[in-house]
Amino acid sequence: MKKQAVNPYLPQYEYIPDGEPYVFGNRVYVYGSHDRFNFPMFCANDYVCYSAPKGDLSDWRYEGVIYRRNQDPKNKLGLRLLFAPDVVVGADGRYYLYYAFDFMGIMGVAVSDYPAGPYEFYGHVHYKDGTVWGRKKGDSFPFDPGVLVDDDGKVYLYSGFYTPIPAVVTGFHKLKSEGGYVLELEKDMVTIKTPEKLLFPKQGTGSFFNHEFFEASSIRKYDGKYYFVYSSRVNHELCYAVSDSPTEGFVYKGTLISNGDIFPTRHMEEKDAKNYIGNNHGGMLKIDSQYYIFYHRQTNQNSYSRQACAEPLIRNENGEFLQAEMTSCGLNGGPLRGEGIYEARIACHLWAKEGTGRYDIGKPKKKLKDHPYFTQDKKDGDVNARQYIANMQDGAVAGFKYFEISDPTGITIELRGHGNGEMQVSDTASFENCVHIPVKVNSSEYSRFSGNMLNYVGNVWAGSCKELLQTVLRDEWGFVGSTVSDWFNGTTDGIMYANAAIRTGGDKMLSSAGDAKAYATDVENPGTVTAMRQACHNILYSLANSNAMDERNMKTPGWVMIVRTADVVIVLLLALWEVLTICSYRKRNKKK
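Note that this is a predicted model, so its numbers are computed, not measured.

K.L.:
What am I meant to see in the overall build of the chain here?
P.N.:
Within the chain, the secondary structure is distributed over five helices and 31 strands. Evaluated residue by residue, the chain yields a buried proportion of 50% over its 592 residues. Taking the contacts inside the chain whose residues are at least 6 apart along the sequence as the reference set, 55% of them involve residues at least 24 apart. When the accessible surface of the chain is split by element, carbon and sulfur atoms take 54% of a total near 29500 Å². Of the side-chain charges in the chain, 66 are positive and 69 negative, and the distance between the mean point of each set is 7 Å.

K.L.:
Where do I start with a nonpolar patch on the surface in this structure?
P.N.:
On the surface, a cluster of nonpolar side chains totalling about 310 Å² of accessible area is made up of Val-168, Val-169 and Phe-172. Of note, Val-168 is situated in the loop between β10 (155–161) and β11 (179–185).

K.L.:
Which parts of the structure should I look at to understand the sheet that holds strand β6 (residues 95–100)?
P.N.:
The strands making up a sheet associate through hydrogen bonds between their backbones, and the pairing can be parallel or antiparallel. Read across the sheet, four strands follow the order β5-β6-β7-β8 without closing on themselves; strand pairing throughout is antiparallel. Strands at the two margins of the open sheet, each flanked by one partner only, are β5 (86–89) and β8 (120–124). Averaged over all neighbouring strand pairs, the angle between strand axes comes to 30°, with direction disregarded. Of the pairings in the sheet, the one linking strand β7 (residues 107–112) to β8 comprises four bridges and is antiparallel in character. Its bridge partner lying in β8, Gly-108 is registered against His-124.

K.L.:
When you look at helix α2 (residues 466–476) in this model, what are you seeing that I'm missing?
P.N.:
Residues separated by three or four positions in an α-helix point in the same direction, a consequence of the helix having 3.6 residues per turn. Those residues of α2 that sit buried are Leu-469, Leu-473 and Arg-474. Looking down the long axis of α2, one finds its buried residues gathered within 75° of arc, a one-sided arrangement. Residues of α2 that are exposed and point over 90 degrees away from its buried face: Glu-467, Asp-475 and Glu-476. The elements touched by buried residues of α2 are α4 (526–544). Looking one or two residues beyond α2, the residue adopting positive phi is Gly-478, at roughly 75°.

K.L.:
It is not clear to me how the sheet that holds β11 should be interpreted in this structure. Could you clarify?
P.N.:
Strand order in the open sheet formed by four strands is β9-β10-β11-β12, with antiparallel pairing between adjacent strands. The open sheet has two free edges, formed respectively by β9 (146–149) and β12 (192–201), since each of these has just one partner strand. Pairwise comparison of adjacent strand axes, ignoring direction, gives a mean angle of 20° for this sheet. Bridging between β10 and β11 involves seven bridges; their strand directions are antiparallel. In the sheet register, Leu-157 faces β11, and the bridge partner there is Leu-183.

K.L.:
I keep staring at the nonpolar core and nothing clicks. Help me out?
P.N.:
For soluble globular proteins, the rule of thumb is that nonpolar side chains tend to be buried together. Within the largest apolar cluster, 20 residues are counted, with the highest numbers of intra-cluster contacts made by Tyr-31, Tyr-67 and Tyr-119. Only β1 (20–24), β2 (27–31), β3 (47–53), β4 (61–67) and β6 provide two or more residues apiece to this core. Per element, the largest residue contribution to this core is three residues, and it comes from β6. Setting aside its immediate chain neighbours within four residues, Tyr-31 contacts Asp-18, Gly-19, Glu-20, Tyr-22, Phe-24, Cys-49, Ile-66, Pro-85, Val-87, Pro-115, Ala-116 and Tyr-119.

K.L.:
Help me understand the pattern of salt bridges in this model?
P.N.:
A pair can form between side chains of opposite charge whenever their charged atoms are brought close. Enumeration over the complete set of coordinates arrives at 29 salt bridges. One salt bridge connects Arg-306 with Asp-18, and the closest N-O pair in it is separated by 3.9 Å. You can see Arg-306 sitting in the loop between β18 (290–297) and β19 (307–313) and its partner Asp-18 sitting in the segment before β1, a full 288 residues away along the chain. Residue Arg-306 is classed as buried on the basis of its relative accessible area, which comes to 2%. According to the relative accessible area criterion, Asp-18 is buried, its value standing at 5%.

K.L.:
Got a minute to help me understand α4 in this structure?
P.N.:
Counted at 1.5 Å a residue, the expected span for α4 with its 19 residues is 27 Å, and the 27 Å between its end C-alpha atoms agrees. Looking only at α4, the buried set comprises Thr-528, Ala-531, Ala-535 and Asn-538. One side of α4 carries all its buried residues, which in axial view fall inside an arc of 80°. Exposed residues lying more than 90 degrees from the buried face of α4 are Pro-526, Arg-533 and Leu-540. Close packing links the buried residues of α4 with α2 and α3 (498–503).

K.L.:
Before we go on, may I ask you to explain the packing of aromatic side chains in this structure?
P.N.:
By convention here, two paired aromatic rings are described through the distance between centres and the angle between planes. Throughout the structure, instances matching the rule amount to 41 aromatic pairs. On the basis of an interplanar angle of 25° and a centroid distance of 5.4 Å, the ring pair of Phe-141 and Phe-143 is categorised as stacked. The residues Phe-141 and Phe-143 share a single accessibility class, namely buried. Ring geometry for Phe-213 against Phe-228: centres 6.3 Å apart, planes inclined by 25°, an arrangement best described as stacked. Residue Phe-213 is found in strand β13 (residues 213–222), and its partner Phe-228 is found in strand β14 (residues 225–232); the two are separated by 15 residues along the sequence.

K.L.:
Is there a simple way to think about empty space enclosed by the protein in this case?
P.N.:
By rolling a water-sized probe across the atoms, one finds the places where empty space is left. Tallied over the full model, the rule gives one cavity of 30 Å³ or more. The computed volume of the largest cavity comes to approximately 50 Å³. Residue lining of the largest cavity: Asn-7, Pro-8, Asn-275, Tyr-295, Arg-297, Cys-309, Met-326, Thr-327, Ile-346, Ala-347 and Cys-348, and that is the complete set.

K.L.:
Quick question: what am I supposed to make of the side chain of Ser-245 here?
P.N.:
Position of Ser-245 among the secondary structure elements: in the loop between β15 (237–243) and β16 (251–258). In this structure the side chain of Ser-245 is engaged in a polar contact, spanning 3.2 Å, whose partner is the backbone nitrogen of Thr-247. Setting aside residues no more than four positions away along its own chain, Ser-245 makes contact with Tyr-226 and Phe-250.

K.L.:
Can you help me understand the side chain of Arg-69 in this one?
P.N.:
Here Arg-69 shows up in the loop between β4 and β5. By relative accessible area, which is 18% here, Arg-69 ends up buried. There is a polar contact of 3.0 Å between the side chain of Arg-69 and the side chain of Asp-46. Here Gly-78 takes part through its backbone oxygen, which lies 2.9 Å from a polar atom of the side chain of Arg-69. With residues up to four places along the chain from it excluded, the contact list for Arg-69 reads Arg-36, Ala-44, Asn-45, Asp-46, Asn-75, Gly-78, Arg-80, Leu-82 and Phe-101.

Analysis parameters
- Throughout this description, residue numbers start from 1 for each chain and increase along the sequence as written.
- Residue-level local features of this predicted model are given only where pLDDT is at least 70; pairs of side-chain atoms are given and counted only at 80 or more, and the full residue set underlies all totals for whole chains, interfaces and linings.
- Here the side-chain values reflect all heavy atoms present in the structure, with hydrogen atoms and water set aside.
- By definition, any uninterrupted DSSP run of H or I lasting at least four residues is a helix, any uninterrupted run of E lasting at least two residues is a strand, and each is numbered from the N terminus.
- Burial classes: relative accessible area under 20% of the type maximum marks a residue as buried, over 50% as exposed, and values in between as partly exposed (1.4 Å probe, protein chains only).
- In this description, contact between two residues means that some pair of their heavy atoms is separated by no more than 4.5 Å.
- We get accessible surface area from the Shrake-Rupley algorithm with a probe of 1.4 Å; when it comes to residues, only the shown protein chains can shield them.
- Charge counting treats Lys and Arg as positive and Asp and Glu as negative, with His and both chain ends excluded.
- Charge placement uses NZ in Lys and CZ in Arg. For Asp and Glu, CG and CD serve respectively.
- Only residues above 30% relative accessible area that lack a salt bridge enter a patch, with like-charged residues linked at up to 9 Å and the nonpolar side chains Val, Leu, Ile, Met, Phe, Trp and Tyr linked at up to 5 Å.
- The working definition used for a salt bridge is a side-chain nitrogen of Lys or Arg within 4 Å of a carboxyl oxygen of Asp or Glu.
- A pair of strands is labelled paired if DSSP reports no fewer than 2 bridges between them.
- Think of each axis as a best-fit line through the C-alpha atoms, taken over the contacting stretch in the case of a helix, with angles from 0 to 180 degrees between the N-to-C directions.
- Each direction from the helix axis to a C-beta atom contributes to the arc, which is the arc of those directions.
- The definition of a nonpolar core used throughout is a set of buried Ala, Val, Leu, Ile, Met, Phe, Trp, Tyr and Cys residues joined through side-chain atoms within 4.5 Å.
- Any helix carries an expected span of 1.5 Å times its number of residues minus one.
- Pairing of aromatic side chains requires ring centres within 6.5 Å, counting the rings of Phe and Tyr and the six-membered ring of Trp. Pairs whose planes differ by under 30 degrees are stacked, by over 60 edge-to-face, and all others tilted.
- With a 1 Å grid spanning the protein atoms alone, the term cavity applies to any set of points in which a 1.4 Å probe fits but cannot get out, the term pocket to an open set with protein on both sides within 12 Å along at least five of seven lines, and the term lining residue to any residue with an atom within 4 Å of a point.
- Grid points are joined across faces, edges and corners, and a volume is the space filled by probe spheres set on the points.
- A 3.5 Å cut-off defines polar contacts: any pair of N or O atoms within that distance qualifies, except that in protein one atom must be a possible hydrogen donor and the other a possible acceptor, and neighbouring residues in sequence count only when both atoms are side-chain atoms.

Shown next, in the form of structure tokens:
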């Protein structure tokens, strides 16, 4: 790989949700809708495409605009928005782009000779009599296309939406929204061959309990099996079902990814989310024997600034996919190197002291005003825009996974804003062991603050390492004395903390700076009180059993007596010499 791959995997100023990845030739192409940063609606920009070499998913190339919304004759003014697309290769070798205009209730098709376009308008999905799909009585609502050209040349189109759309929005056509549908197209890729069929009911018989279909149809065929990926009614997760047929018999298999990192198999609920949640949409990718799931995350405290992410998938012994974690290293093929500079935007977890929340609610900015969020410092489309985490207040946490760190010596953070306190860096979400970095900032310019990690066992300060102070020192080695920290200066080091030391076997802090962190302050906690009593016991035991308290050392040593006697003799001799000198002086004066 030319460089390390991170999540989100596209440039920080790019907002492409609903990603559908495909291998065409030796490159991977990603097609998605295109959000406009800080715009109050989904998908306000035209379709663009990114691609990367199949063997290097860190090296994404911008292919440019591939289709503009005003190219469709039904949207010449460009007022309707291009929602999630899909692309497939037809029998003629050309590339067909399927799309729905927001909630208009019709589905368009564009075509190109090349995977990266440009695409030209081809037609609207329609019946043999020319009637556009979505304009006949009894039609379902055309939405979120997923297209498959099977090995036998048959073309299948999957579509559907959970929520009924008012007729006034669809041009006064009352369309069904009972779940996910499938229909077969003619080889011309645009004419309906067989009537639509409800394949994934949103409720009742045939629905997937607690993971009922909501939207985001995506279809793949691997090793003779059909894999249908969709967003469930809880909205933040992408689930999948498998069948031996493209039109029936799909069996629910589980969750592939949640953009809140919520694991149903661990009995997690929305209140346990590790990131801010909202809708989700994506697709599967297979390169050689490795599978991936592409999805998007939410940013900017709204549902309309979503960014593309991806994770590798792992199969269990039964061949079923396990739910992937949200990570910062995504397509990297392993952990990121534990050195260098990393942008805050690659955090895969983010929450406030109160937890997280949903962005697809009314007035999320107001309701989540005290929560951290991803945002950027320039307008949409500016390639110089810098994305960052804003509003990191007391108790807020940004999590990054995963890094390969062996012998850390220090860590530096860069921030701006207004604050006086400390940032803590830990390898656990509970922050049981952490580096304390004092910060004091009051500026719109970025400043750097560092924490020292030299006095560490792994990534834990030695003075609060229970394994060192208790397990090794006392339990294994049988040490019964007291321990003391290295010289403490919290104003510059910021790594030594009495509250942490006292609870893990530390007894004394060696401090000359009088820093507050050199004193245990959690004295109302029964656990701390017990630890302080033990520390006092250790200190008194050390004193009582020291050489200073040994009776054999109470007698004055012989060499000391000799020195003292010599001192006395010398003093007496000096005094005698002084007396004789005075007497001699007086005799001389009398003779004169």
